[in-house]
Amino acid sequence: MVSTLEDMKANDIVVFDVSKITSITDNMIIASGRSSRHVKSLANKAIEVAKENGIDVLGFEGFQEGEWVLIDLGYAVIHVMQPMIRDHYQLEKLWSHDSAESKVAEY
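Residues numbered from 1 in each chain as written. Predicted model: local features only at pLDDT ≥ 70, side-chain atom pairs only at ≥ 80, totals over all residues. Heavy atoms only, no water.

### A short note on the overall build of the protein chain
Regarding its fold elements, the protein chain presents four helices and five strands. Secondary structure elements in the protein chain, listed N-terminal to C-terminal, are α-β-β-α-β-β-β-α-α. Here the protein chain, with 107 residues, has 44% of them falling under the buried criterion. When contacts within the protein chain are restricted to residue pairs at least 6 apart in sequence, long-range pairs at least 24 apart make up 54% of them. Roughly 6100 Å² of accessible area belongs to the protein chain as shown, and the carbon and sulfur atoms make up 48% of that amount. (Helix = DSSP H or I, 4+ residues; strand = E, 2+ residues; numbered from the N terminus. Buried < 20%, exposed > 50% of the residue type's maximum accessible area, 1.4 Å probe, protein only. Contact = heavy atoms within 4.5 Å. Areas by Shrake-Rupley, 256 points an atom, 1.4 Å probe, with all protein chains shown as cover.)

### Structural notes on the sheet that holds strand 5 (residues 76-81)
One open sheet holds the five strands; their spatial order is 1-2-5-4-3, and the pairing between them is mixed. Each edge of the open sheet carries a strand with a single partner, namely strand 1 (11-17) and strand 3 (59-61). Across the sheet, the axes of successive neighbouring strands diverge by a mean angle of 10 degrees, strand direction being ignored. Running at roughly 10 degrees to strand 4 (residues 68-72), helix 2 (residues 36-52) makes contact with strand 2 (27-32), strand 3, strand 4 and strand 5 of the sheet. (Pairing = 2+ DSSP bridges. Axes fitted to C-alpha atoms, helices over the stretch in contact; angles between N-to-C directions.)

Quick look at the structure:
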């Protein structure tokens, strides 16, 4: 999923292995889009690629506003955010608790 986001020009992509600190998912992927249109495009493409690869999309929300779209793939939760929203919520601080920031294998 990371390469899909990179191909679509997402900014500041980070991946956290959160499997040791939560049971909701194994990986948290956070990326930024430049505008609401870009955030929506990134999220749409991530969902499209997941479905093409036989990955169930368990849920998503935030498309209407386009400030922060969350996509639940089960093994990973993807957060695509506008920079101002990302700065405000600082998910990196929340999910980096005793978890080394890392790049994970492509899914």
